[in-house]
Protein chains: 4
Amino acid sequence: MAEQITHEAAFKALNAGAAKALELDEPSSLAILDQGGNLLAFLRVGDAALSTVELAHNKAHTALSLRSPSGSWMDLVQPGALYYGLDNHGGRRPYVVFGGGLPIRDGKTVIGAVGVSGGPAEKDVAIAEAMLSALGTS
Amino acid sequence: MAEQITHEAAFKALNAGAAKALELDEPSSLAILDQGGNLLAFLRVGDAALSTVELAHNKAHTALSLRSPSGSWMDLVQPGALYYGLDNHGGRRPYVVFGGGLPIRDGKTVIGAVGVSGGPAEKDVAIAEAMLSALGTS
Amino acid sequence: MAEQITHEAAFKALNAGAAKALELDEPSSLAILDQGGNLLAFLRVGDAALSTVELAHNKAHTALSLRSPSGSWMDLVQPGALYYGLDNHGGRRPYVVFGGGLPIRDGKTVIGAVGVSGGPAEKDVAIAEAMLSALGTS
Amino acid sequence: MAEQITHEAAFKALNAGAAKALELDEPSSLAILDQGGNLLAFLRVGDAALSTVELAHNKAHTALSLRSPSGSWMDLVQPGALYYGLDNHGGRRPYVVFGGGLPIRDGKTVIGAVGVSGGPAEKDVAIAEAMLSALGTS
């Protein structure tokens, strides 16, 4: 069976994400969800805007539920594209289709997700990757 | 640290907004949020439509959470644009991406927001700016 | 036909409520609803707790919807009493059954409601009555 | 004016709360809200039940909004008591009236709140107090 993410690991991932956010000078919210989509850890770093609280959580929800990076859905949900409207079907939270949400894998199994919101999407992704590294996954 | 908006200042801003709405002959709802996004003051002026109650509040929520004028997001959330779908991720309230919501700043710090809904967006913005002037910010 | 509450009258009522709240040294939220139950005016006075924002609005909603002071329902909704559970049936907002919500009447017709939340219920009622006086009703 | 809670302080408080939860052998969720009621930090420690995610957040919401420990409201909202039903008027989240939510103060000013959910209320309170100590408040 795949591993669960411990709170110690989550805590380390928050720490790594915060360090990366400060390094990039990008105040950000960091969210980590467990395999069931329930909140495991969260930190609003620096003076991140209030919008980032929901966005970080929603990005992690997206990456977990769809088992793929949030940004990978951008083209597919456009008007006229294959999954137009999919982003509205996240249930308790809508899906985000720009970057910053990444699934956490143990081998091939998705065991959780991270979501980052703060600056331009490429910085969000860089911070999310730093969190995955701290979790010993990628 | 930045100042909080007093109720006396909020009251003056409602008054200034009401005067501007009457001058422009545009019945409007006026909302003011504090730094945490909680309602500080509200006035529905003239015979403003019921839709304006939520819209004014949502515009202020947008300007506060995203720290920018609500209308500045219109292009960015369009199909094919960088933040397509962002407007659905406001949490308790969706974001409005047309004009009428403006952040209230003390220097560089966002300490609240105003939201105006009534007429065409340019009139809403003019009324919102009158409210900011009354608050001694801009 | 009964009169509607103008925004000028609502503004005066907010002003009178704020003065009374300061006189009683009781930071409070003040809400005024129109005949249809939609928000007409609101002011958070002094350093009123965040809880008061919803409570003031909900008290006004109660007084308007039930056409009676919010506090008059306390005994009737108790376990074993005639209308047990009624307080959960307010629709968009629950009903409050302690003091601070009062209907605004024009003759016998309820044309709106005020709701006040801040301190002990008797102060809330005193502030609500000051708002009704300013509206020229009682 | 009062200080805001930095993310470093929040992080330390999560750490202290986690240590206390392990010491008491009580898997728990820990939530920290800022002055405006927006999520600042969260950690689910050990194998805490899913119910604790919402409860921890709601307890912090209660302590912040009502500026008092969540458990201090238990008697006041009972049938026949002064504020019967108050717990339903928390707005976006209901109020919790048992222990585990505590306001964070800077002098007399409430600048945030912690909420803990896991075990019996007295353990939740002990963990919440450990978090306040780590924040340098009490």
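Up top is the structure these notes are about.
Residues numbered from 1 in each chain as written. Chains lettered and ligands numbered in written order. Predicted model: local features only at pLDDT ≥ 70, side-chain atom pairs only at ≥ 80, totals over all residues. Heavy atoms only, no water.

S.K.: Tell me about the pairing of strand β2 (residues 39-45) of chain C, residues and numbers included.
M.R.: Most of β2 of chain C sits inside the fold, with 7 of its 7 residues counted as buried. As paired strands, strand β2 (residues 39-45) of chain B and β2 of chain C are joined by 3 bridges and run antiparallel to one another. Of the residues in β2 of chain C, the one forming a bridge with Phe 42 of chain B is Phe 42 of chain C. By the bridge criterion, 6 bridges tie strand β1 (residues 28-34) of chain C to β2 of chain C in an arrangement that is antiparallel. Note that in β2 of chain C the partner of Leu 33 of chain C across the bridge is Leu 39 of chain C. Between β1 of chain C and β2 of chain C, which pair antiparallel and follow one another directly, the connecting turn spans 4 residues, one of which, Gly 37 of chain C, has a positive phi of 85°. (Buried < 20%, exposed > 50% of the residue type's maximum accessible area, 1.4 Å probe, protein only. Helix = DSSP H or I, 4+ residues; strand = E, 2+ residues; numbered from the N terminus. Pairing = 2+ DSSP bridges.)

S.K.: Break down the pattern of salt bridges for me, citing the residues and quoting the values.
M.R.: This structure, assessed with the given rule, holds 22 salt bridges over all chains. In this structure, Lys 59 of chain B and Asp 124 of chain B form a salt bridge, with 2.9 Å as the shortest nitrogen-oxygen distance. Of this pair, Lys 59 of chain B sits in helix α2 (residues 51-66) while Asp 124 of chain B sits in helix α3 (residues 121-134), placing them 65 residues apart in sequence. Residue class for Lys 59 of chain B comes out buried when judged on its relative accessible area of 1%. Between Lys 20 of chain D and Glu 23 of chain D there is a salt bridge; the shortest N-O distance is 3.3 Å. One end of the pair, Lys 20 of chain D, and the other, Glu 23 of chain D, are both in helix α1 (residues 7-23), 3 residues apart, so they sit about a helical turn from each other. (Salt bridge = Lys/Arg side-chain N within 4 Å of Asp/Glu carboxyl O.)

S.K.: Hey, could you go over the interface of chain A and chain D for me, with residue numbers and the actual values?
M.R.: Contacts between the two partners involve 19 residues from chain A and, on the opposite side, 19 residues from chain D. Contact between chain A and chain D buries roughly 1700 Å² in total, counting both sides, with carbon and sulfur atoms accounting for 64%. The largest contributions to the chain A side of the interface with chain D come from His 7, Phe 11 and Arg 44 of chain A, which together make up 38% of the buried area. Here chain A is connected to chain D by 2 salt bridges. Salt-bridge contacts for Arg 44 of chain D lead to Asp 34 of chain A; the nearest nitrogen and oxygen are separated by 2.8 Å. Applying the counting rule to chain A against chain D returns 11 residue pairs in polar contact (both at pLDDT 80 or more). When residues of the side of chain A that touches chain D are traced back to their parent elements, those giving at least two are α1 (7-23) and β2 (39-45) of chain A. (Contact = heavy atoms within 4.5 Å. Buried area = accessible area lost by both parts, 1.4 Å probe. Polar contact = N/O pair within 3.5 Å; in protein donor to acceptor, adjacent residues only side chain to side chain.)

S.K.: Could you give me a rundown of the pairing of strand β1 (residues 28-34) of chain B, with the residues and numbers involved?
M.R.: Residue and element names in this part refer to chain B. Among the 7 residues in β1, 7 count as buried, and that is most of the element. Across the two faces of β1 the burial is the same, with Ser 28, Leu 30, Ile 32 and Asp 34 and Ser 29, Ala 31 and Leu 33 all buried. Inspection of the sheet shows β1 paired to strand β4 (residues 109-117) by 6 bridges, in the antiparallel sense. In the strand pairing of β4, Leu 33 is matched with Ala 113.

S.K.: So, the interface of chain B and chain C: which residues are in play, and what are the values?
M.R.: Between chain B and chain C, the residue contacts involve 19 residues of the former and 19 residues of the latter. The largest per-residue losses of area from chain B upon contact with chain C belong to His 7, Phe 11 and Arg 44 of chain B, which jointly make up 37% of the total buried on that side. Joining chain B to chain C, the criterion identifies 2 salt bridges. Put simply, chain B and chain C have 11 residue pairs in polar contact (both at pLDDT 80 or more) between them. For the side of chain B that touches chain C, the elements supplying multiple residues, two or more each, are α1 (7-23) and β2 of chain B. The class makeup of the residues in the side of chain B that touches chain C is 13 nonpolar, 4 polar and 2 charged. (Nonpolar A, V, L, I, M, F, W, Y, C, P; charged D, E, K, R; others polar.)

S.K.: Outline the relation of the copies chain A and chain D, supporting the account with residue identities and numerical values.
M.R.: For these two chains of identical sequence, chain A goes onto chain D by a turn of 179° and a shift of 0.2 Å along the axis, with RMSD 0.1 Å. Taken together, the rotation and translation describe the operation of a two-fold axis. For chain A, the smallest separation between a C-alpha atom and the rotation axis is recorded for Phe 42 of chain A, amounting to 2.4 Å. A high fraction, 100%, of the interface residues of chain A reappear at the interface in chain D, so the copies pair face to face through one surface. (Least-squares fit on C-alpha atoms with pLDDT ≥ 70 in both.)

S.K.: So what about the packing of aromatic side chains? Which residues, and what values?
M.R.: Taken as a whole, this structure holds 8 aromatic pairs over all chains when the rule is applied. Each member of the aromatic cluster is reached from another via a ring pair, and the members are Phe 98 of chain A together with Trp 73 and Tyr 83 of chain B. (Phe/Tyr/Trp six-rings, centres within 6.5 Å; stacked < 30°, edge-to-face > 60°.)

S.K.: Account for the side chain of Ser 28 of chain C, with residues named and values stated.
M.R.: Residues and elements named next belong to chain C. Its place among the elements puts Ser 28 in strand β1. A distance of 2.7 Å separates a polar atom in the side chain of Ser 28 from the backbone oxygen of Glu 26. Non-local contacts of Ser 28, meaning those with residues more than four positions away in its chain, are made with Ala 21, Leu 43, Arg 44, Val 45, Ala 48, Val 116, Ser 117, Gly 118 and Ile 127.

S.K.: Explain the sheet that holds strand β4 (residues 109-117) of chain D to me, and be specific about the residues and the numbers.
M.R.: In any sheet, the strands associate via hydrogen bonds between backbone groups, in a parallel or an antiparallel arrangement. Taken together, 8 strands build an open sheet; the order of strands is β3(A)-β4(A)-β1(A)-β2(A)-β2(D)-β1(D)-β4(D)-β3(D) and the sheet is antiparallel. At either end of the open sheet lies a strand with only one pairing partner, and these are β3 (101-106) of chain A together with β3 (101-106) of chain D. With direction set aside, neighbouring strand axes in the sheet form an average angle of 20°. Bridging between β3 of chain D and β4 of chain D involves 6 bridges; their strand directions are antiparallel. Within β4 of chain D, the position partnered with Ile 104 of chain D by the bridge is Gly 112 of chain D. Contacts from α1 of chain A reach β1 (28-34) and β2 of chain A together with β2 (39-45) of chain D, with the element oriented near 25° to β2 of chain A. Lying on the sheet, α1 of chain D is in contact with β2 of chain A together with β1 (28-34) and β2 of chain D; it crosses β2 of chain D at an angle near 25°. (Axes fitted to C-alpha atoms, helices over the stretch in contact; angles between N-to-C directions.)

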